[in-house]
Amino acid sequence: MTAQDLVLAGSYDYRVIAVSVVIAIAASYAALDLAGRVTAARGWAWLAWLIGGATAMGIGIWSMHYTGMLAFSLPIPIEYDWPTVLLSLLAGVLSSGFALLVVSRGKMGALRVVAASIFMGGGIVALHYTAMAAMRLAAMCRYSRPLVALSVVLAIACSLISLWLAFLFRDEPTRWGLRKVASAVLMGAAIFAMHYTAMAAASFTRSAAIPDLSHAVSISTLGTAGIALATLMVLGIALLTSLVDRLQEQRALLGELFEQAPQAVVLMNGDNRVVRVNREFTRIFGYAPRETLGRRLSDLIVPAEFREEFERYTELVAHGQRVEAEGVRQREDGSRLYVSLVGVPVSMPSGQIGVYAIYRDITERKRAEEELRRSEAYLAAGQKLSHTGSWAWNLSSGDLYWSQETFRIFGFDAAKTKASVAETFLPRIHPEDRPRIEQALREAPMVAGNYEVDYRIVLPDGSVRHIHDVVYPLANEAGQVVERYGVVRDVTEGKQAEEQLRLSHDQLRALTAQLQSVREEERTRVAREIHDELGQALTAIKLDVTALVRELPEGRGPAVQRSQSILKLLDETIQSVQRISTDLRPGILDDLGLAAALEWAAEEFEARTGTKCRITMPDEDITTDPDRATVLFRIFQETLTNVARHAKATEVSARLAKEDDHLALEVRDNGLGIGAEQLSAAGSLGILGMRERALKLGGEFTIQGVQGSGTTVKVRIPGAEPKARGVGT
């Protein structure tokens, strides 16, 4: 008899193989589901799910292997050593527990999953070959090394697939999704392939040795069915427990989400009676949950005048429509509030359509909106009264916002027009001002500060309006200007008033200058007439009186005395005429020029008031036309008059100089010093006259005073070549 004749030919019961495949797929699905429970659990619950899950999965893998082995039959009796069988079960439980421990981690890198698959694959290989070692039969078992190696590789690959899929689907919801079922089938097929590859590696030959049957048990067909059924029951119970736990967890989570919702939430049944309210509902409306159960929501929070509207909303939701609205509701204490409400239809366990309603208190928002509307109305009214508009320009998007008054200022209807730089702003700019404005728009992103700009616009009727624009920047965190905003004001009336005022001022100044010129001419004429005619007449009278006195006979004492008195009075009158003529127009100004006239005026002032008056003249001669000479002389006269009246000074110093192309006169005193209130007083006509005299010739006039240190008067006028004067001028 050859060795080939001693090899026992085995066979498989395909019905039992099918059962093993079902067990493998069921175990795989249980692994995917239990992995999620281990991941979600914490503390003692995690440990309980790890142990329970490892036991259920271990039993499933162990049962699949033994069912597969029981499907194999030989022409000799086969029994199993039950301690070894239990040892193989322990290997399955431990490898399953390790697998659940790995996939429950937060992260699973490539190195970790490879190491874990080697460990788990080794456990499955240990389970299989330990189970093979539990066989008791009158035969020798030999293994094909290549097939054994292949079974080990398949076990590791099976473990790798199992771990990866379990990690991937551990957080999937409990539903028979195609992806999860397909993954379970794939895992089951991998386990199935590994087992039957390992079975193919074994061959049995007859042996005369009697096997050790001290702890051996025989498994019948009924026992096989019992193992499979018990295993499926264990796996089913594990899956059912996992499902119940998920449902309880989701129910608790939904309940907590319901209670912790930031809005007031109420659930009503098909009869529109309250089933449940959350904490925010109690906080906003004041009703405790027990006070709301079974009552109609309209009786609790809906004012009587709004119930018809509420019933209409409820009817819409009952027909499957979502409702969003705002309205007024009332609290338990009767106070009212604005709310935004959302009504959503939900299916109740009874099959009726219930209502899931969400309420949010918007009272503060409504108040803010009302305040905003009121502020906008006030702003619009204020802008309209002041002819002032506002605007904002986003530099990145180019969007332009105009207030209603801005539209009105630029001649647009705000209801029909959208503001745009290219379509509404620039087309209105006056052609002469447009290049300047376009340049400002291009430079807007680079200008950091605020500024003001004036320009003109042309309205559709052809009228020109003057605009004053105040521009402000708005920068981002990086300091870049991203927006410009500002206010525009129609200043046409103001510009016109300024122009009228300027014209009036110019006319008044011209009139003043003309009056001063006429006054000066009249003073010159009167001075000459007094000097020439009245002086000559008085001189002639004096000569005649003198001749009469000489003709009086001697011895007429009273007549002689009276005639002497008359002569003395004539002399005083002639001196008064000369003084008056000089005050009106000193002849020295016309005859000897400005410098001599100033020196004469200083001497006269010192002789008349006793105040020292020193004047400094330049080395070169000062020659100028009569108008400028008259202006400087009159200002000097008026300054000395003010010193005599108000300064209480003891010394006055003056300086006449030629500075570039200007004549400059400076007068200082050491008196009390003029104050700011005196400079701005309405009665300071002398100062106003001096300033106007200087401005008439395009000059500058300044006066400064320091309390207790005196006053300084400076006048500076453009010089001119002297005009030729006729004889006697």
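Here, every reference points to the structure presented above.
Our subject in this report is the structure included herewith. (Residues numbered from 1 in each chain as written. Predicted model: local features only at pLDDT ≥ 70, side-chain atom pairs only at ≥ 80, totals over all residues. Heavy atoms only, no water.)

When helices and strands are counted, the protein shows 23 helices and 23 strands. The buried share among the 729 residues of the protein stands at 40%. For the protein, the accessible surface area stands at approximately 40900 Å², while carbon and sulfur atoms represent 58% of it. (Helix = DSSP H or I, 4+ residues; strand = E, 2+ residues; numbered from the N terminus. Buried < 20%, exposed > 50% of the residue type's maximum accessible area, 1.4 Å probe, protein only. Areas by Shrake-Rupley, 256 points an atom, 1.4 Å probe, with all protein chains shown as cover.)

Under the definition given, this model contains 24 salt bridges. Between Glu 326 and Arg 365 there is a salt bridge, with the nearest N and O atoms lying 2.5 Å from each other. Note that Glu 326 is positioned in strand β11 (residues 323-330) and Arg 365 in helix α13 (residues 363-386), a separation of 39 residues in sequence. Judged by relative accessible area, Glu 326 falls into the partly exposed class, the value being 38%. Close ionic contact of Asp 433 with Arg 456 constitutes a salt bridge, the shortest N to O distance being 3.0 Å. With Asp 433 in the loop between α15 (421-425) and α16 (434-443) and Arg 456 in strand β16 (residues 451-458), this residue pair connects regions lying 23 residues apart in the sequence. (Salt bridge = Lys/Arg side-chain N within 4 Å of Asp/Glu carboxyl O.)

On to the sheet that holds β16. One open sheet holds the five strands; their spatial order is β15-β14-β18-β17-β16, and the pairing between them is antiparallel. Edge positions in the sheet fall to β15 (400-402) and β16, since each of these pairs with one other strand and no more. The mean inter-strand angle of the sheet, taken between neighbouring strand axes irrespective of direction, is 25 degrees. Examined bridge by bridge, strand β14 (residues 388-394) and β15 share three bridges and lie antiparallel to one another. (Pairing = 2+ DSSP bridges. Axes fitted to C-alpha atoms, helices over the stretch in contact; angles between N-to-C directions.)

This part is about the packing of aromatic side chains. Both the distance between ring centres and the angle between the ring planes are used here to describe each pair of aromatic rings. Per the stated rule, a full pass over the model turns up eight aromatic pairs. Within the aromatic cluster, the residues linked to one another by ring pairs are Trp 402, Phe 407, Phe 410, Phe 412, Phe 425 and Tyr 455. In this arrangement the basic side chain of Arg 428 is found over the ring face of Phe 412, its NZ or CZ atom lying 4.0 Å from the centre. (Phe/Tyr/Trp six-rings, centres within 6.5 Å; stacked < 30°, edge-to-face > 60°. Lys NZ or Arg CZ within 6 Å of the ring centre and 35° of its normal.)

Ordered in space as β19-β20-β21-β23-β22, the five strands form an open sheet in which the pairing is mixed. The strands lining the two open edges of the sheet, one partner per strand, are β19 (612-616) and β22 (700-706). Within this sheet the neighbouring strands show an average axis-to-axis angle of 10 degrees, counted without direction. Sheet analysis places strand β20 (residues 651-659) next to strand β21 (residues 662-669), joined by eight bridges and oriented antiparallel. Pairing of Arg 655 across the sheet is with Glu 666, part of β21. Its contacts with the sheet put helix α20 (residues 594-609) on β19, β20 and β21, and the angle it makes with β19 is roughly 165 degrees. Where helix α21 (residues 626-647) meets the sheet, it contacts β19, β20, β21, β22 and β23 (710-718), and its direction lies at approximately 10 degrees from that of β21. (Contact = heavy atoms within 4.5 Å.)

On to unusual backbone geometry. With a phi angle near 55 degrees, Lys 648 is a residue other than glycine that sits in the positive phi range. With respect to the secondary-structure elements, Lys 648 resides in the loop between α21 and β20.

This part takes up the pairing of strand β12 (residues 336-347). In the sheet, β11 pairs with β12 via eight bridges, with the strands oriented antiparallel. In the sheet register, Glu 324 faces β12, and the bridge partner there is Val 342. In sequence, β11 turns back onto β12 through a hairpin of five residues, with Gly 334 there showing a positive phi of about 90 degrees. Relative to strand β13 (residues 353-361), β12 runs antiparallel, the two being bridged by nine bridges. Looking at β13, one finds that Val 346 is bridged to Gly 354.

This part covers the environment of Val 317. If you trace the backbone, Val 317 turns up in helix α12 (residues 307-318). Along the sequence, Val 317 and Val 344 sit 27 residues apart, while their C-alpha atoms lie 6.2 Å from each other. Apart from the residues lying within four places of it in its own chain, the contact partners of Val 317 are Val 323, Gly 343, Val 344, Pro 345, Ile 353, Gly 354 and Val 355.

Judged by nonpolar contacts, the single largest core of 34 residues is most densely connected at Leu 594, Leu 632, Phe 636, Leu 665, Phe 701 and Val 715. Where this core is concerned, the elements lending two or more residues are α20, α21, β20, β21, α23 (685-696), β22 and β23. Top contributing element to this core by residue count: α21, with nine residues. If we skip the residues at most four places from it in the chain, Leu 632 touches Leu 594, Leu 598, Leu 656, Leu 663, Leu 665, Val 715 and Ile 717. (Core = buried A, V, L, I, M, F, W, Y, C linked by side-chain atoms within 4.5 Å.)

With that out of the way, let us pick up the environment of Tyr 485. Position of Tyr 485 among the secondary structure elements: in strand β18 (residues 481-490). Between the C-alpha atoms of Tyr 485 and Leu 474, which are eleven residues apart in sequence, the distance is 7.6 Å. Among residues more than four places away in sequence, those in contact with Tyr 485 are Trp 391, Ala 392, Val 470, Val 471, Tyr 472, Pro 473 and Leu 474.

Okay, α20 next. The end-to-end C-alpha separation of α20 is 22 Å, in line with the 22 Å expected for 16 residues at 1.5 Å each. Here α20 has its buried residues at Leu 594, Ala 596, Ala 597, Leu 598, Ala 601, Ala 602 and Phe 605. In the stretch just after α20, Gly 610 is the one whose phi turns positive, near 80 degrees. (Expected span 1.5 Å × (residues − 1).)

One can find Thr 424 in helix α15. Residue Thr 424 is classed as buried on the basis of its relative accessible area, which comes to 3%. When sequence neighbours within four positions are dropped, the list of residues in contact with Thr 424 reads Leu 400, Trp 402, Phe 412, Thr 417, Lys 418 and Ala 419.

With that settled, consider α21. Its 22 residues place the ends of α21 30 Å apart at the C-alpha level, agreeing with the 32 Å of an ideal helix rising 1.5 Å per residue. At the C-terminal side of α21, Lys 648 shows a positive phi close to 55 degrees.

The next point concerns a nonpolar patch on the surface. Together, Tyr 472, Leu 474, Val 482, Tyr 485 and Val 487 give the surface a local cluster of nonpolar side chains, amounting to about 370 Å² of exposed area. Elements represented by at least two residues in the nonpolar patch include exactly β17 (464-475) and β18. Considering every element that reaches the nonpolar patch, the biggest residue donor is β18, with three residues. Leu 474 sits in the partly exposed class, given a relative accessible area of 39%. (Patch = residues over 30% accessible without salt bridge, like charges linked within 9 Å, V, L, I, M, F, W, Y side chains within 5 Å.)

The sheet contact formed by β14 and β18 spans seven bridges and is antiparallel. Bridging from a neighbouring strand, Ser 390 pairs with Val 487 of β18. Summarising the sheet, β17 and β18 pair through nine bridges and their orientation is antiparallel. The residue of β18 that forms the bridge with Asp 469 is Val 488.

So, to be careful, I would describe these as geometric facts and stop short of saying anything about function.
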